[in-house]
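Analysis of the macromolecular model
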Amino acid sequence: MLNHSRLRVGARSTLLLLSLVCLGVPGCGDEVPPDYAWQALQENLPGSLLSIWGTTARDVYAVGSDAMDGGGPLALHFDGTRWTRLDAGLRRGALWWVYGTAPDTVWMVGEGGAIVRHTPSTGASVRMPAPGTETLFGVWGTSDRDVWAVGGNLNAGASDRVGVIWHFDGTSWSNVTLPAEVTARVVLYKVWGNGTNDVWACGANGTTLHYDGTSWSLVAVPTEARGPLFTVHGRGATRYAVGGNASGIVLENDGSGWRQGQIADAPRLNGVYVPPTGSPLAVGAQGSLYMRRGSAWQEVARAPRTDQEFHAVWVDPGGAVWGVGGSIQQSPMTQGMVWRFGQRIATTPLVTPPAVTACPPRAGNAGVICTVAGTGVAGYNGDGRQARETELYWPMDVEFLRDGTPIVIDWNNHMLRRLNLADNTLRTIVGTPLPGDGPDDQGDLREPGADGLTVAMNHPTDMLLDGEGRLLIVAWHNHKIRRWDPATGRVFVPIGRGPGQSGDGGPAAMALLKQPSKAVRDRAGNVYVLDQGNGRVRRVGADGMMTLVAGMMGGRAFAGDGGPALAARFNWQGGENPEPEGGLALDPQERYLYITDTGNQRIRRIELASGMIETVIGDGMAGFGGDNGPGAMARLNSPNDIEFGPDGQLYIADTNNHRVRAWDPATGQIRTVVGTGTRGFSGDRGPASEAQLWRPYGIAFDADGNLWITDTYNNRLRRVWR
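Quick word on the overall build of the protein chain
- Of regular secondary structure, the protein chain possesses two helices and 56 strands.
- Referenced to the eigenvectors of the C-alpha coordinate spread, the extents of the protein chain come out at roughly 95 × 55 × 45 Å.
- With 722 residues in all, the protein chain has 59% of them scored as buried.
- Here the analysis covers contacts within the protein chain between residues at least 6 apart in sequence; of these, 48% occur between residues at least 24 apart.
- For the protein chain, the accessible area works out to roughly 27,300 Å², and carbon and sulfur atoms hold 49% of it.
- Averaging the locations of the 63 positively and 70 negatively charged side chains of the protein chain gives two centres separated by 2 Å.

What follows is the structure, encoded as structure tokens:
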């Protein structure tokens with residue numbers, strides 16, 4: 001039975017239940033209804049659902065926010081049994097409304113002025129040219145030659161006009177002038193009409209507009225009912241508008257002007273729908289459903305098991321009520337849901353065709369970014385899954401074995417995981433479910449080492465290959481560098497025996513390091529180690545002996561440019577629980593050792609022949625600036641990993657600018673190559689320069705020159721085609 005008054009069905013609500021059931025059932029009267037109840041058709045989708053519309057119960061469309069999986073906004077179709085995700089042809093952003101104007105024409109509108117025309121018979125979705133880039137929140141029309149869309153620019157400046165009305169005449173979309181009385185700050189949210197000469201729009205600040213077939217005019221609402229109006233709908237000469245902030249607003253109009261509807265203690269109301277027969281319905285926060293009975297609106301039911309918000313409601317020709325929503329008041333909008341009140345129907349999980357989210361092939365897609373691994377959810381859900389169905393927890397670095405196999409550091413899961421390119425699955429090669437420091441018997445301190453799956457680690461941060469193709473692992477919180485042999489799967493510790501500062505001039509195996517974060521190896525076999533906690537750079541020679549290359553004791557500071565690197569001071573976080581910082585890279589000629597001085601917001605380099613140090617990138621101030629200008633005048637924000645690319649340029653993970661940037665040693669110029677600078681996740685299957693990153697820490701190039709990025713706080717491994 002229904003869930004009335006939040007928890008229990010009361011006798012007072014029985015007539016409401018009967019009325020709701022009889023919405024579209026001729027002759028239903030007061031007979032006992034069949035087993036009608038709420039049914040969750042979809043729950044916990046990656047994006048919220050914002051609109052629902054259909055022709056029958058076997059032909060239903062729902063659209064919503066960005067699913068954050070590279071496939072763009074959610075666009076779903078239900079055929080009576082199966083839910084299928086459609087390819088709307090958009091890479092990012094939300095679709096806010098869906099409506100069909102003909103048997104073979106379905107319109108979807110949303111962010112960035114997106115107007116998508118979907119043709120069900122062919123399955124094609126085409127984005128149409130639009131007169132602007134404002135977000136569209138509503139669409140409605142009488143035919144394929146008479147379609148209206150409304151919206152506005154939520155990020156407009158104080159002097160900019162916000163609200164827009166666009167019209168499609170069968171050939172093109174055009175902007176329509178708003179009435180002069182409408183202030184510049186009004187966003188329009190929905191549009192609906194009774195015909196070509198009776199169209200209504202609603203929006204912010206209690207705004208309602210009417211189109212009489214010739215022009216739009218402002219229609220006043222009661223002063224006490226002013227507030228945002230999110231949806232307008234009606235039937236015949238009667239129309240309703242709903243909205244509100246903390247409390248719900250209902251307005252009614254039967255041709256004699258708007259009046260406030262009678263409704264008590266309603267939360268914010270987002271959607272309203274008037275079926276061809278039966279009573280009007282409204283939905284809103286907390287999964288609530290209201291119905292107009294007599295002269296008042298009364299709560300009918302709340303969908304069980306959800307505190308999420310309904311955003312839209314629709315009634316199918318059989319009388320079943322469909323509601324969609326999710327976590328709409330958060331960013332990003334998630335936990336999409338479809339609930340249905342009616343007789344239970346068969347349904348299946350959402351099917352996403354591979355083409356909707358698949359990474360495009362390399363050919364013809366230079367500069368395109370795509371997720372290779374990770375769901376975007378921080379966690380651990382085991383081995384052997386498809387890479388994009390595998391949870392990572394702050395991936396930190398990626399490296400490639402000699403055969404091209406990618407290895408990713410799953411930092412907060414304390415593991416190294418291998419991407420099998422043959423079947424696209426991820427499996428752990430080093431690490432255990434719990435952090436630690438080696439196997440219980442410390443077998444990794446003795447040759448030939450211990451099985452990698454028995455070797456616990458504590459936040460490894462970097463990887464590199466040695467001369468024999470084995471993987472050196474910078475085990476940050478273990479204060480060691482481990483070595484994994486792909487031929488045997490065994491792990492041995494060749495460098496470091498624990499936390500401290502000692503060992504220069506002696507064997508590296510017995511040296512003490514403190515939170516080493518990065519390492520790089522030259523062609524002669526020397527390994528340079530960024531000893532973060534000690535504020536130094538040290539070198540392990542091919543003979544296994546440790547020497548100091550740069551940095552002097554004394555804490556975090558900036559000093560030494562223009563002089564010997566041994567007298568330089570760096571600024572990396574210290575203490576017992578800092579963030580990993582820094583980066584090391586050798587130029588292709590191995591003339592310079594480049595060092596990321598993270599806290600000093602600089603990239604510095606040591607001329608190895610002379611031992612002299614200088615700054616080449618960064619003005620020392622945290623921020624963003626300097627693109628397409630001299631690197632020395634650029635502004636960085638907590639830069640970390642650095643790598644030379646196949647083009648000879650130095651690539652920088654500019655972590656807190658949420659970008660990857662490139663510096664050309666020949667010209668000294670710096671530019672952004674990946675990221676908009678706004679933290680978040682978007683852009684998969686599109687140009688890397690238009691994608692969003694969130695605190696990327698690691699970068700690397702594979703043998704084909706493709707750029708791989710550990711998009712750390714997005715919990716993803718991403719790739720940019722060369």
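Focus on the sheet that holds strand 39 (residues 490-495)
- Spatially, 35-39-38-37-36 is the arrangement adopted by the five strands of the open sheet, whose pairing is antiparallel. Two strands lie at the open edges of the sheet, namely strand 35 (450-451) and strand 36 (460-465), each paired on one side alone.
- Note that strand 38 (residues 480-484) and strand 39 share three bridges and pair antiparallel. Bridge assignment links Arg-483 to a residue of strand 39, and that residue is Phe-492.

Re the pairing of strand 26 (residues 296-302)
- Among the seven residues that make up strand 26, five are buried, leaving the element largely enclosed by the rest of the structure.
- Across two bridges, strand 22 (residues 262-263) lies against strand 26 in parallel orientation. Looking at the pairing, Gln-262 lines up with Ala-296 of strand 26.
- Two strands pair when backbone bridges link them, and strand 25 (residues 288-293) and strand 26 are joined in this way by six bridges, in the antiparallel orientation. Across the sheet, the residue bridging to Tyr-290 is Glu-299, located in strand 26.

Re the environment of Met-633
- Here Met-633 is to be found in the loop between strand 48 (629-630) and strand 49 (639-644).
- Taking C-alpha positions, Met-633 is 27 Å from Val-520, a pair spaced 113 residues apart along the chain.

Some points on the packing of aromatic side chains
- What the rule picks out here adds up to 31 aromatic pairs.
- A ring pair is formed by Phe-137 and Tyr-189, whose centres lie 5.3 Å apart and whose planes are at 65°; its orientation type is edge-to-face. Of this pair, Phe-137 sits in strand 10 (residues 135-143) while Tyr-189 sits in strand 14 (residues 188-195), and the two are 52 residues apart along the sequence.
- Ring centres of Trp-200 and Trp-258 lie 5.5 Å apart, and the angle between their planes is 85°; on these two criteria the pair is classed as edge-to-face. Here Trp-200 is found in strand 15 (residues 198-203), whereas its partner Trp-258 is found in strand 21 (residues 258-260), with 58 residues between them in sequence. Like Trp-200, the residue Trp-258 is buried in the burial classification.
- Three or more aromatic residues joined by ring pairs form one cluster here, namely Tyr-393, Trp-394, Trp-411, Trp-476, Trp-694 and Tyr-713.
- Here Lys-190 stacks its cationic end above the ring of Trp-97, 4.6 Å away from the centre of that ring.
- Directly above the aromatic system of Tyr-713 lies the positively charged group of Arg-695, at a separation of 5.0 Å from the ring centroid.

Quick word on the state of the cysteines
- Counted by the stated rule, this structure contains one disulfide.
- Paired by a disulfide, Cys-359 and Cys-370 hold their sulfur atoms 2.1 Å apart. Where Cys-359 bonds to Cys-370 through sulfur, the torsion about that S-S bond is close to -85°, and the disulfide is left-handed. Placement of the pair is Cys-359 in the loop between helix 2 (354-357) and strand 30 (368-373) and Cys-370 in strand 30, with a sequence separation of 11 residues.
- In this structure Cys-370 comes out as buried when scored by relative accessible area, which is 3%.

Let's talk about the nonpolar core
- Trp-38, Leu-49, Trp-107, Trp-173, Trp-322 and Val-338 are the most contacted members of the largest nonpolar core, which has 47 residues in total.
- Among residues more than four places away in sequence, those in contact with Leu-49 are Ala-62, Val-63, Gly-64, Leu-74, Leu-76, His-311, Val-324, Gly-325, Gly-336, Met-337 and Val-338.
- Grouped together as the second largest cluster of nonpolar side chains are 27 residues, Trp-140, Val-150, Trp-200 and Val-232 included.

Here's the deal with the sheet that holds strand 17 (residues 216-219)
- The strand order 14-15-16-17 describes an open sheet built from four strands, whose pairing is antiparallel. Each edge of the open sheet carries a strand with a single partner, namely strand 14 and strand 17. Each strand axis lies, on average, 25° off the axis of its neighbour in the sheet, ignoring direction.
- Relative to strand 17, strand 16 (residues 207-211) is paired through four bridges, and the arrangement is antiparallel. The residue bridging His-210 from the neighbouring strand is Ser-217, located in strand 17.

So, the pattern of salt bridges
- In this structure the tally under the stated criterion is 35 salt bridges.
- Close ionic contact of Arg-695 with Glu-579 constitutes a salt bridge, the shortest N to O distance being 3.1 Å. Of this pair, Arg-695 sits in the loop between strand 53 (686-687) and strand 54 (698-701) while Glu-579 sits in the loop between strand 43 (546-550) and strand 44 (583-586); the two residues are 116 residues apart in sequence, bridging distant segments of the chain.
- Notably, a salt bridge pairs Arg-661 with Asp-627, separated by 2.9 Å at the nearest N-O pair.

Digging into unusual backbone geometry
- Pro-332 follows Ser-331 through a cis peptide bond whose omega is 0°.
- A cis amide bond links Glu-447 with the next residue in sequence, Pro-448, at an omega value of 5°.
- Here Pro-448 is to be found in the loop between strand 34 (425-430) and strand 35.
- Look at His-479: it is not a glycine, yet its phi comes out positive at around 60°.
- Relative to the elements of secondary structure, His-479 occurs in the loop between strand 37 (471-475) and strand 38.

Here we look at the pairing of strand 14
- Most of strand 14 sits out of view: seven of its eight residues are buried.
- Bridge count for strand 14 against strand 15 is six bridges, and the pairing is antiparallel. Pairing of Lys-190 across the sheet is with Cys-202, part of strand 15.
- Counting the residues that bridge the hairpin from strand 14 to strand 15 gives two residues.

Focus on the confidence of the model for the protein chain
- Looking at the protein chain, the pLDDT average stands at 93 and 94% of residues meet or exceed 70.
- Across residues 1-34, where pLDDT falls below 50, the model places 60 contacts with residues more than four positions away in sequence or in other chains.

Here we look at the side chain of His-459
- Locating His-459 in the fold gives a position in the loop between strand 35 and strand 36.
- One polar contact links His-459 to His-477, side chain to side chain, over a distance of 3.4 Å.
- With sequence-adjacent residues up to four places away left out, His-459 is seen in contact with Trp-411, Asn-412, His-414, Trp-476 and His-477.

Considering the environment of His-459
- His-459 sits in the buried class, given a relative accessible area of 12%.
- Taking the C-alpha atoms as reference, His-459 lies 9.1 Å from Val-474; in sequence the two are 15 residues apart.
- Within the structure, the side chain of His-459 is placed 2.8 Å from the side chain of Asn-412, a separation counted as a polar contact.

A short note on the side chain of Ser-682
- Relative to the elements of secondary structure, Ser-682 occurs in the loop between strand 52 (669-674) and strand 53.
- At 2.9 Å, the side chain of Ser-682 and the side chain of Gln-692 are in polar contact.
- Excluding its chain neighbours within four sequence positions, the residues that come into contact with Ser-682 are Arg-92, Glu-690, Ala-691, Gln-692 and Arg-718.

Digging into the environment of Val-674
- Relative to the helices and strands, Val-674 resides in strand 52.
- With 11 residues separating them along the chain, Val-674 and Arg-685 place their C-alpha atoms 13 Å apart.
- With residues near it in sequence (within four places) discarded, Val-674 still touches Ile-369, His-658, Arg-659, Val-660, Ala-688, Leu-693, Leu-707, Ile-709 and Val-720.

Conventions we followed
Residues numbered from 1 in each chain as written. Predicted model: local features only at pLDDT ≥ 70, side-chain atom pairs only at ≥ 80, totals over all residues. Heavy atoms only, no water. Helix = DSSP H or I, 4+ residues; strand = E, 2+ residues; numbered from the N terminus. Buried < 20%, exposed > 50% of the residue type's maximum accessible area, 1.4 Å probe, protein only. Contact = heavy atoms within 4.5 Å. Areas by Shrake-Rupley, 256 points an atom, 1.4 Å probe, with all protein chains shown as cover. Lys, Arg positive; Asp, Glu negative; His and termini not counted. Charge placed at Lys NZ, Arg CZ, Asp CG, Glu CD. Pairing = 2+ DSSP bridges. Phe/Tyr/Trp six-rings, centres within 6.5 Å; stacked < 30°, edge-to-face > 60°. Lys NZ or Arg CZ within 6 Å of the ring centre and 35° of its normal. Disulfide = S-S within 2.5 Å. Core = buried A, V, L, I, M, F, W, Y, C linked by side-chain atoms within 4.5 Å. Axes fitted to C-alpha atoms, helices over the stretch in contact; angles between N-to-C directions. Salt bridge = Lys/Arg side-chain N within 4 Å of Asp/Glu carboxyl O. pLDDT = per-residue confidence, 0-100. Polar contact = N/O pair within 3.5 Å; in protein donor to acceptor, adjacent residues only side chain to side chain.

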